[in-house]
Amino acid sequence: MKPIQFSREETADITAKLRTYFRDELEMDLAALPAEMLLDFLGRQIGPFFYNRGLYDAQAVVAKKTGDIVESIAGLERSNG
């Protein structure tokens, strides 16, 4: 599977959020490079869990819509009598 890659802008936005979180919640200063390294680690190690959850959620939506379509088509059936 191809690793997720973010644009420079996305990476800057995400690392800024990480740095703010560390500052506000943990009272720790996180420099830009360690923030990017943390983002890379999270993407490799934890990202697949979020990605797979998104896939499962999408599958559930598609399954529900498919069921709705099948019901709609069944409602179009005509009786033979």
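Relevant structure appears above.
Quick caveat, the model's predicted, so the values are computed rather than measured. (Residues numbered from 1 in each chain as written. Predicted model: local features only at pLDDT ≥ 70, side-chain atom pairs only at ≥ 80, totals over all residues. Heavy atoms only, no water.)

Outline the overall build of the protein chain, supporting the account with residue identities and numerical values.
Counting its regular elements, the protein chain contains 3 helices and 0 strands. Put simply, the protein chain runs from its N terminus to its C terminus through helices and strands in the order α-α-α. Here the C-alpha atoms of the protein chain give a radius of gyration of 22 Å, more than 25% beyond the 12 Å that 2.2 N^0.38 yields for 81 residues. Once the C-alpha set of the protein chain is aligned to its principal axes, its extents read approximately 80 × 30 × 20 Å. Burial analysis of the protein chain (81 residues in total) assigns 10% to the buried set. Per element, the accessible surface of the protein chain, about 7,400 Å² overall, is 58% carbon and sulfur. Seen as two clouds, the 10 positive and the 13 negative side-chain charges of the protein chain have centres 5 Å apart. (Helix = DSSP H or I, 4+ residues; strand = E, 2+ residues; numbered from the N terminus. Rg over C-alpha atoms; globule rule 2.2 N^0.38 Å. Buried < 20%, exposed > 50% of the residue type's maximum accessible area, 1.4 Å probe, protein only. Areas by Shrake-Rupley, 256 points an atom, 1.4 Å probe, with all protein chains shown as cover. Lys, Arg positive; Asp, Glu negative; His and termini not counted. Charge placed at Lys NZ, Arg CZ, Asp CG, Glu CD.)

Which residues make up the packing of aromatic side chains, and what values go with them?
Considering all chains together, one arrives at 1 aromatic pair under this definition. Centroid distance Tyr21 to Phe22: 6.3 Å. Interplanar angle 75 degrees. Geometry classified as edge-to-face. Taking the relative accessible area as the measure of exposure, Phe22 reaches 17% and is therefore buried. (Phe/Tyr/Trp six-rings, centres within 6.5 Å; stacked < 30°, edge-to-face > 60°.)

Just give me the short version of the packing of helix α2 (residues 32–45) against helix α3 (residues 47–75), but keep the residues and values in it.
With their axes 4 Å apart at the nearest point, α2 and α3 run at an angle of 50 degrees to one another. As the angle between them shows, α2 and α3 are arranged oblique. Every residue of α3 that contacts α2 at Leu42, Gly43, Arg44 and Gln45 is listed here: Gly47, Pro48 and Phe49. Per-class residue counts for the contact of α2 with α3 are 3 nonpolar, 3 polar and 1 charged. (Axes fitted to C-alpha atoms, helices over the stretch in contact; angles between N-to-C directions. Parallel < 35°, antiparallel > 145°, perpendicular 65-115°, else oblique. Contact = heavy atoms within 4.5 Å. Nonpolar A, V, L, I, M, F, W, Y, C, P; charged D, E, K, R; others polar.)

Pulling in residues and values, what's your account of a nonpolar patch on the surface?
Taken together, the side chains of Met1, Ile4, Phe6, Tyr51, Leu55 and Tyr56 present a nonpolar region at the surface, about 690 Å² in accessible area. Note that Tyr51 resides in helix α3. (Patch = residues over 30% accessible without salt bridge, like charges linked within 9 Å, V, L, I, M, F, W, Y side chains within 5 Å. Salt bridge = Lys/Arg side-chain N within 4 Å of Asp/Glu carboxyl O.)

Hey, could you go over the side chain of Thr11 for me, with residue numbers and the actual values?
Assignment of secondary structure puts Thr11 in helix α1 (residues 8–26). Accessibility expressed as a relative area gives 18% for Thr11, which makes it buried. For Thr11, the residues in contact, after removing those within four places along its chain, are Phe6, Glu36 and Leu39.

Please set out the environment of Pro3 residue by residue, giving values where relevant.
Note that Pro3 resides in the segment before α1. The exposure class assigned to Pro3 is exposed, which follows from its relative accessible area of 57%. Sequence spacing of Pro3 and Ile69 is 66 residues, and the spatial spacing of their C-alpha atoms is 35 Å.

Now, about unusual backbone geometry: what can you tell me, with residues and values included?
Comment: phi is negative for the bulk of residues other than glycine, and the bulk of peptide bonds are trans. Of note in the backbone geometry, Glu27 takes a positive phi value of approximately 50 degrees without being a glycine. In this structure, Glu27 sits in the loop between α1 and α2. For Glu27, a relative accessible area of 74% corresponds to the exposed category.

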